[in-house]
Amino acid sequence: MAPPLSGDSLVQKLTVEKQVRRDVTLLTLSGTIDCDFDGKKLAAVIRTSRLAIHLAGVRLITSFGIREWIDFMTAAARRAEDILLLDCSPKIIQQANMVANFVGSGRIVSFYAPYRCATCGTDSRVHMHLRRDWDVVIRRVPPDRVCVNCGQNETFDDDPDTYFAYMCSQGPVALDSELAIHFKRPPRGLRVAKTVQGRSTYLRLGGVLDAFFPCDKLIDGLEGMVLVDLDLLQRVDEAGAAAWRRFLSTIAPTVEAVYLFGVPPELTEELACWDSPGARPQLATMALTYLCPRCAIVTRRTIDFVRHYDELTRGMLPTKQCSDCWGTVYPTIPDEFVAHLASIPRPDVPPRVSKFFRTLAGNEPSSLPAGAHLATRGNACSTGRAMALLAAALLAVALLALFGYHYLPSSNLGGSLGQAGASDTSARQGGQQAGK
Ligand SMILES: [Zn+2]
Ligand SMILES: [Zn+2]
C-alpha cells in the first residue's frame, strides 16, 4: 500500500503510457521531454514488431530531451520494424523540421496544426491526417479558420512553408487496416453499446462523457438488473458528471439493481453521498491509472472495489506490479477523490453478477477485437447496434486518451487526444504555456 501520488505533480513532467495490442505497442507521451527522459530505457520495453507513438500531449522538448529522443528512436528502430508517429503536437512537428534524424525511420501519420486568434488571444489546434489532408500539406496552405471563442478569423500560428516542410518530404502514410482498427481515433462524444439478456441490461460507455450524454434515451425502458461498464470512457467533464448523476438517480426507483464497473475516480462522488430513492448503485470495480517510477510508464488497471474495500475506504490504494521491470507501480489519483471513497458504503455485488459481467465484457478489454463483438452478444437492442460499430474504434483507443485526461487539466487537453478533425482550444494554459 502506498499513499497516492498527486496528479498535479505530474502535469509538466513527461508521462508515458504503454499499451500492447497484438503486434503493436502504443506509447503515449505527454508533458515535457527533457534530460530525465531515458530514451534507451524506454525503447527496451518494445517487444513488438510495430510501434505507434502518440504525441499529442508533448508540449515542450528541451535540448537534452532532443538527444534522448533521438537515442530512443534509434534504439526503437532496432526493435520495431515499423514506427508510426500519431497526432504529433506542433512541438514535435517543429523539431522534425529543424533536427536532422528527429523522426529517424519513423513516419508521421497525423499531426496538429497550430492556430491563434489575434482578437481574443485563443490558441487552438486542428487535427490533420497526412493522407487525408495531403493537399494542405503539399501546397503548404493551411485552411482558414474562425475562432470558436469570438468568431473572428484565426491565423496559422507558424510559418506554413517551414511547418509542412518535413511532412512534404516524407509523403503521406496510410494506416493499414490492422492499425486502423487498433488505434483509430473515435468520433467525439459518447458512444454506447447496449446488450439485453433476459432481465439484465449491459451498458458499455466509451468516449467522452459530457453535456451530450443521452440520459433520457438511455433511461427509456430500462428495468431489471443494470450493469454499467465505464471502462472505455476517455474523459469526463463537469456537465458529463452532472448528467451521469441524473442518470443514476432517475433509474434508481425503476430498476432492481445497478452495478458499476470500471468507474473512474471522478465519478465516485455521487456514490459517496447518495440520497436518491430506489436502488443505490453498487460500485464493483474502479479504473485507476498507475505509474511505475522506475520505467516512468503509466498503465491503467482495474481495481476490485469490493475486495479492496477496507483499504480503499481508509485511503490506502493497492499497489501493483510493473509488467516491464516487475517493480511496484503506484496509483495516481487526486486526493479529493480518495476522500470520496471513504464515504461509500460497502457494496453488495453477488458473485453471479461479477461472473455475468465478465461474460458480457470479455475478460479484458483488449480481448475484444471489435465493437461488433458487443452487438452480437445476446439480443442486442437496435440502438446498441450502430453504437457498437463505433465502439470498435473505442475499444482500442479509450485507454490512451485516458492518460491525458488524468494528468492534464481538461482545458489543456481538448481534442488533443483524439477526436478526429476536432480542434483543441489550448489557450489559458498557465504553466503549460512554457511549451509555447
Ligand atoms: Zn478569438
Ligand atoms: Zn517498471
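See the structure above.
Only a predicted model underlies this, so the values are computations on that prediction, with no experimental measurement involved. (Residues numbered from 1 in each chain as written. Chains lettered and ligands numbered in written order. Predicted model: local features only at pLDDT ≥ 70, side-chain atom pairs only at ≥ 80, totals over all residues.)

(A) Local environment of the overall build of the protein. Per the secondary structure count, the protein includes 16 helices and 20 strands. Counting the 436 residues in the protein, one finds 46% classified as buried. Taking as baseline every contact in the protein between residues at least 6 positions apart, the subset at least 24 positions apart corresponds to 72%. (Helix = DSSP H or I, 4+ residues; strand = E, 2+ residues; numbered from the N terminus. Buried ≥ 20, exposed ≤ 12 C-beta atoms within 10 Å, placed from the backbone. Contact = placed C-beta atoms within 7 Å.)

(B) Representation of the environment of Pro 160 in the model. Relative to the elements of secondary structure, Pro 160 occurs in helix H5 (residues 160-163). When near neighbours in sequence (up to four residues on either side) are disregarded, Pro 160 contacts Arg 140, Val 141 and Pro 142.

(C) Structural context of the sheet that holds strand S15 (residues 285-292). Strand order in the open sheet formed by nine strands is S5-S4-S3-S2-S1-S16-S15-S18-S17, and the pairing between neighbours is mixed. With one partner strand each, in any of the chains shown, strand S5 (107-108) and strand S17 (320-321) form the two edges of the open sheet. Along the sheet, helix H2 (residues 63-79) makes contact with strand S2 (24-33), strand S3 (50-61) and strand S4 (82-86), crossing S3 at roughly 175 degrees. Sheet contacts for helix H3 (residues 90-98): S3 and S5; angle to S3, the most-contacted strand, approximately 100 degrees. (Pairing = 2+ DSSP bridges. Axes fitted to C-alpha atoms, helices over the stretch in contact; angles between N-to-C directions.)

(D) Local environment of the pairing of S4. In terms of residue burial, S4 counts as a mostly covered element, since four of its five residues are buried. Examined bridge by bridge, S3 and S4 share five bridges and lie parallel to one another. Within S4, the residue paired with Leu 51 across the bridge is Ile 83. Note that S4 and S5 share two bridges and pair parallel. Residue Leu 85 lies in a different strand from S5, and its bridge partner there is Ile 108. Note on the crossover from S4 through H3 to S5: the handedness is right-handed. (Right-handed = clockwise from strand over helix to strand, strands pointing away.)

The values are spatial; any link to function lies outside them.
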